[in-house]
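Residues per chain are reported as follows:
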Amino acid sequence: MTLRPQSIARYYDEAYRMDHFPPISRLFSKQKVFAYYGFLGDRNFGDELVFEAAKALFEPGVVLPIRRRMPLHLGAAAKFCKKLFDGILIGGGTLVGPSFYYQGFYAELLSRGNPIFLHGTGIHKPSTWNNTWKDFLDNKVYGGVRGPLSIENLSSIKRDFLIAGDAAFALFKPQTVRQPRDDQKTVLINGGAHDPFPGMEKSRESIEQFASGLLQTGFEVHFMPCHEIDLEWGRELQQRHPQIKLLPVPLGFDAAQKLFREATFAVGERLHFTAMAILTGCPFLSVNYSTKHDDLLASVELAQAGIAPTQITPSSIQSIFADRGSFDWDRVFHHIESYKAFQTAEMKAFRLNERA
């Protein structure tokens, strides 16, 4: 088989240039090593954010992503030295569902007694699952799932799971919270999804009309992409409304929280665009094109801050914007702090593998 130059370039980029993989010396240090199962590799802000949160939560432990495109020496170590691993970390995407990658690898880890940690993982309905997930979760599992809808989806399989909130909640600190000021005139907008969804055209027309109205009243509108594919719509908006500032995809939590702390409102489609608004206390409206949005919002009692794309209108966005001072952030942050404490406690038990 002949490898195409594009394939080689992509492999090199993902394996060696994206800072996902630790030095091999760390695998042979005294720190525990955890195999990370989750989406990574195409610079999706949400995927990068939950991976960043996992590394922060498990530090100084070593979090090693298990991927098809990983450095050759680390791939060999993972394949031939499974005794290096102390546990399996399931990341913060909606991962328990139709797909289950590297089943043989994880089956070997389980056979060695490695425990499982769910880091705010989203759960699809069991009718859609790859059958391996049922066997996989019938083992020693720590951590918890994203929200109450994930709990409901699990209820017919196993009833002792708890809510851990979004994986990114592990990054929460009080100093990251926005301090409202009367002079804040920046509004963040976002539009992005890997696949078209019902009501997408209506959603984006409504956001554009809302943004156009803001520009006429002295506000600044910044388009924040969470993935390079989001930029297509961002550029279209900027062509029609040159005053809109097109931002780059944020490189991690610190860069994103700075944007949200300086904004007075945010409206968008990407799940972790909404998660960043929640983490920073920025009033927002989430376009709920998937149940994962409902799951996230329900976990912090903010269901009223989401709307289905088929139901959204410029006036519905304007209504939330006008009432943006009514968010009960003390209650929201209490939830986040509770979830962070739960994640930390479960991480400690997982590292020790001490629960009966």
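Preceding block: the structure.
Asker: Teacher, can you tell me more about the environment of R204 here?
Answerer: Turning to its location among the elements, R204 is positioned in helix 8 (residues 200-215). Since its relative accessible area comes to 15%, R204 is described here as buried. Expressed as a C-alpha distance, the spacing of R204 and H335, which sit 131 residues apart in the sequence, is 31 Å. The residues touching R204, leaving out its near neighbours within four places in the chain, are G191, G192, A193, W233 and E269.

Asker: Would you explain the side chain of D166 in this entry?
Answerer: Position of D166 relative to the elements: it lies in the loop between helix 7 (148-154) and strand 7 (186-189). R146 is the oppositely charged side chain nearest to the buried, salt-bridge-free D166, at an N-O distance of 4.2 Å. Here A168 takes part through its backbone nitrogen, which lies 2.9 Å from a polar atom of the side chain of D166. Polar side-chain contacts of D166 include one of 3.0 Å to the side chain of H272. Not counting residues up to four positions away in its chain, the partners in contact with D166 are V50, R146, H272, L296 and Q343.

Asker: Looking at this model, I keep getting lost on the pairing of strand 7. Mind explaining?
Answerer: A regular strand carries its side chains on alternate faces of the sheet. The alternating pattern of strand 7 places T186 and L188 on one face and V187 and I189 on the opposite face, and all of these are buried. Pairing between strand 7 and strand 8 (residues 220-223): four bridges, direction parallel. Each bridged residue has a counterpart across the sheet, and for I189 the counterpart in strand 8 is F223. Crossover strand 7 to strand 8 through helix 8 is right-handed. Looking at chain direction, strand 7 and strand 10 (residues 265-268) are connected through three bridges and run parallel. Bridging from a neighbouring strand, L188 pairs with A266 of strand 10.

Asker: Which parts of the structure should I look at to understand the nonpolar core?
Answerer: Grouped burial of nonpolar side chains is what soluble globular proteins tend to show. Of all hydrophobic cores here, the largest spans 55 residues; its most connected members are F58, F260, I278, F284, L302 and I336. Elements with a minimum of two residues in this core: strand 1 (33-37), helix 3 (45-58), helix 10 (253-261), helix 11 (271-280), helix 12 (291-299) and helix 14 (329-352). With residues up to four places along the chain from it excluded, the contact list for I278 reads F169, F284, L296, L297, V300, L302, W329, V332, F333 and I336.

Asker: How should the sheet that holds strand 7 be read in this particular structure?
Answerer: By definition, the strands of a sheet pair up through backbone hydrogen bonds, in either a parallel or an antiparallel sense. If you walk across this open sheet you meet the six strands as 9-8-7-10-11-12, and the pairing is parallel. The open sheet has two free edges, formed respectively by strand 9 (245-246) and strand 12 (306-307), since each of these has just one partner strand. Looking at chain direction, strand 11 (residues 284-287) and strand 12 are connected through two bridges and run parallel. By the bridge assignment, V287 is partnered in strand 12 with I307.

Asker: Looking at this structure, how should I read a nonpolar patch on the surface?
Answerer: Taken together, Y12, Y16 and L72 make up a surface patch of nonpolar side chains, about 350 Å² in accessible area. Counting through the fold element by element, Y16 comes out in helix 1 (residues 5-16).

Asker: What exactly am I supposed to notice about the packing of aromatic side chains here?
Answerer: Both the distance between ring centres and the angle between the ring planes are used here to describe each pair of aromatic rings. Applying the stated rule across the entire model yields 33 aromatic pairs. Ring centres of F219 and F321 lie 5.4 Å apart, and the angle between their planes is 80 degrees; on these two criteria the pair is classed as edge-to-face. Within this pair, whereas F219 is found in the loop between helix 8 and strand 8, its partner F321 is found in helix 13 (residues 314-322), the two being separated by 102 residues in sequence. One exposure class covers both F219 and F321, and it is buried. Pairing W329 with F333 gives two aromatic rings, centres 5.7 Å apart and planes at 20 degrees, and the pair type is stacked. Placement of the pair is W329 and F333 together in helix 14, with a separation of four residues, close to one helical turn. For the residue pair W329 and F333, the accessibility class agrees, reading buried in each case.

Procedures and definitions
- Residues numbered from 1 in each chain as written.
- Predicted model: local features only at pLDDT ≥ 70, side-chain atom pairs only at ≥ 80, totals over all residues.
- Heavy atoms only, no water.
- Helix = DSSP H or I, 4+ residues; strand = E, 2+ residues; numbered from the N terminus.
- Buried < 20%, exposed > 50% of the residue type's maximum accessible area, 1.4 Å probe, protein only.
- Contact = heavy atoms within 4.5 Å.
- Lys, Arg positive; Asp, Glu negative; His and termini not counted.
- Salt bridge = Lys/Arg side-chain N within 4 Å of Asp/Glu carboxyl O.
- Polar contact = N/O pair within 3.5 Å; in protein donor to acceptor, adjacent residues only side chain to side chain.
- Pairing = 2+ DSSP bridges.
- Right-handed = clockwise from strand over helix to strand, strands pointing away.
- Core = buried A, V, L, I, M, F, W, Y, C linked by side-chain atoms within 4.5 Å.
- Patch = residues over 30% accessible without salt bridge, like charges linked within 9 Å, V, L, I, M, F, W, Y side chains within 5 Å.
- Areas by Shrake-Rupley, 256 points an atom, 1.4 Å probe, with all protein chains shown as cover.
- Phe/Tyr/Trp six-rings, centres within 6.5 Å; stacked < 30°, edge-to-face > 60°.

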